[in-house]
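The chain contents come next:
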Amino acid sequence: MRFTALGLPPHSDYSCITILLQNLTGLEIFDLTAHGGSGRWVHVPEVKGVLKVHIGDHVEVLSNGLYKSVIHKVTLNEEKTRISLASLHSLGMDDKMSVPCQLVNDENPVRYRESSFNDFLGFLVKNDISQGDRFIDTLRIKY
Ligand SMILES: O=C(O)CCC(=O)C(=O)O
Ligand SMILES: [Fe+2]
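The structure displayed is predicted, hence computed values, not measured ones. (Residues numbered from 1 in each chain as written. Chains lettered and ligands numbered in written order. Predicted model: local features only at pLDDT ≥ 70, side-chain atom pairs only at ≥ 80, totals over all residues. Heavy atoms only, no water.)

Details of the site of ligand 1
Around ligand 1, the structure places L8, H11, D13, L20, Q22, L27, H72, V74, R82, S84 and A86. At 3.2 Å, a side-chain N or O of H11 approaches an oxygen atom of ligand 1. Between R82 and ligand 1, the recorded distance is 2.8 Å, taken from a side-chain N or O atom to an oxygen atom. In isolation ligand 1 exposes 290 Å². Once the protein is present, 86% of that is buried. (Near = heavy atom within 4 Å. Polar contact = N/O pair within 3.5 Å; in protein donor to acceptor, adjacent residues only side chain to side chain. Areas by Shrake-Rupley, 256 points an atom, 1.4 Å probe, with all protein chains shown as cover.)

Notes on the pattern of salt bridges
Across all of its chains, the model carries four salt bridges by this definition. Linking E46 and K52 is a salt bridge whose minimum nitrogen-to-oxygen distance equals 3.0 Å. The buried category is assigned to K52, whose relative accessible area is 13%. Between K96 and D119 there is a salt bridge, and its shortest N-O distance comes to 2.9 Å. Of this pair, K96 sits in the loop between β7 (84-89) and α2 (117-126) while D119 is found in helix α2, placing the two residues 23 residues apart along the sequence. (Salt bridge = Lys/Arg side-chain N within 4 Å of Asp/Glu carboxyl O. Buried < 20%, exposed > 50% of the residue type's maximum accessible area, 1.4 Å probe, protein only. Helix = DSSP H or I, 4+ residues; strand = E, 2+ residues; numbered from the N terminus.)

Looking at the packing of aromatic side chains
Within this structure, the stated rule accounts for seven aromatic pairs. Ring centres of Y14 and F117 lie 6.0 Å apart, and the angle between their planes is 35°; on these two criteria the pair is classed as tilted. Of the two residues, Y14 is situated in the loop between β1 (6-11) and β2 (17-22) and F117 in helix α2; the sequence distance between them amounts to 103 residues. On the numbers, 5.3 Å between centres and 55° between planes, the contact of F123 with F135 is tilted. In this pair, F123 sits in helix α2 while F135 sits in helix α3 (residues 135-139), placing the two residues 12 residues apart along the sequence. Comparing F123 with F135, the two get one shared label, buried. (Phe/Tyr/Trp six-rings, centres within 6.5 Å; stacked < 30°, edge-to-face > 60°.)

Right, dumping it as C-alpha cells:
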C-alpha cells in the first residue's frame, strides 16, 4: 500500500501575488471552471528554474471578485525531499485591503469586506484551514 502525505492542504494565499520556486513537482491548482463549474485538480508541471506566480485573496478583493484567488495544495514526494520557496507580497500588517470605489456601481455592489493581514492572523487562530476554512469566504458580502 502506498500513502501520499499532504504537504499543504487546499488553501488560497492571503496575498496579492505569490512567487514560488521549487525543486520538485507536487503543486496542484484547482480549476474552478472545469466540469461545468464543479472544478478539478490540475498538476502544475515542474520546469527547472521557472518562477510560478499566482494571485491571492487580496487581488480577489481588489478586483471585487473579477479575479479569483488560486486554490492550491501540495503533495509530497516519498522519494525526494521537496524544497519550496514561497514569497508572498501584499500590504503591511494593519493596512486594509478593500474594494476600490471605481469598481462599484449599481450593477456591481461591493462584494467583499475590507481586511488586513492582522485580521487574517486572527482568523487563523480561530479556524482550521486544513478543514477547508477560507478567510476569503468570511469577507464575501451576500446580497
Ligand atoms: O510549495 C508550494 O508549491 C506552494 C507553497 C504554498 O502554497 C504556500 O506557501 O502558501
Ligand atoms: Fe499557498
